[in-house]
Amino acid sequence: GWLSMFARRRGARQRSREAHERLRARGSPYFVLPLQLDCDYQIRQHSTFGGLQKVLDHVLDSFAAHAAAAALLVIKAHPLDNGLVNWRRRTEHAVERRGLSDRVVFLELGDVAELMHNALGVVTVNSTSGTMALARGVPVAVLGQAIYDIPEITFAGTLDQFWTAPAPPNPAVFDA
């Protein structure tokens, strides 16, 4: 997997650069879904999903049905993914099946922290990206069991509600 990933690196850099440019040019509000590793214990044991594909399908279904038409979803690949599963292609197929090609941006490379500066919110199962977003005051919807999934810190409603009313963390509670 690592060898094929390194072989695809040049294309990944170019696709990510183009995706970043499209995102900036559109200037649309967006949410971020930082992908975790499919083998992540948090996905397999601390959520009801059992695998990353189910997470992706759940988030895309909810986004398609409930997010504002102007909103985008930025899906960011995990930086340590070994490439055995081509998440870019899987995401593209899942997005096409739902008619979301013009509303979803997939980034293979890039800084997830940079994406959070202008994000409306972050969706995660249980990732350190969630805590990174919270520290920046960005609303976070947790789909699994996370130690930081605490009232007034993470979003208390359903994912379907998150797309239209993301609530930022209470800074005092987060600092405590």
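This one's a predicted model, so the numbers in the text were calculated from it and none came from an experiment.

A word on the sheet that holds strand β4 (residues 121–124)
Each strand in a sheet pairs with another by means of backbone hydrogen bonds, the pair being arranged parallel or else antiparallel.
Consideration 1: Here five strands make up an open sheet; going across it, the order is β3-β2-β1-β4-β5 and the pairing parallel. The outermost strands of the open sheet, each flanked by one partner alone, are β3 (104–107) and β5 (140–142). In this sheet, adjacent strand axes meet at a mean angle of 20° when their direction is disregarded.
Consideration 2: Along the sheet face, helix α7 (residues 128–135) touches β1 (30–34), β4 and β5 and points at about 150° away from the line of β5.

What about empty space enclosed by the protein?
Consideration 1: A full pass over the atoms with the stated rule returns one cavity of 30 Å³ or more.
Consideration 2: Taken as a whole, the largest cavity encloses approximately 30 Å³ of empty space.
Consideration 3: Surrounding the largest cavity, 10 residues form its lining, Leu33, Pro34, Gln36, Val55 and Val125 being those nearest its centre.
Consideration 4: Among the elements of the structure, β1, α4 (52–66) and β4 are those that each provide at least two residues to the lining of the largest cavity.

What counts and what doesn't
Residues numbered from 1 in each chain as written. Predicted model: local features only at pLDDT ≥ 70, side-chain atom pairs only at ≥ 80, totals over all residues. Heavy atoms only, no water. Pairing = 2+ DSSP bridges. Helix = DSSP H or I, 4+ residues; strand = E, 2+ residues; numbered from the N terminus. Axes fitted to C-alpha atoms, helices over the stretch in contact; angles between N-to-C directions. Contact = heavy atoms within 4.5 Å. 1 Å grid on protein atoms, 1.4 Å probe; cavity = no way out; pocket = protein on both sides within 12 Å on 5 of 7 lines; lining within 4 Å. Points joined across faces, edges and corners; volume = space filled by probe spheres on them.

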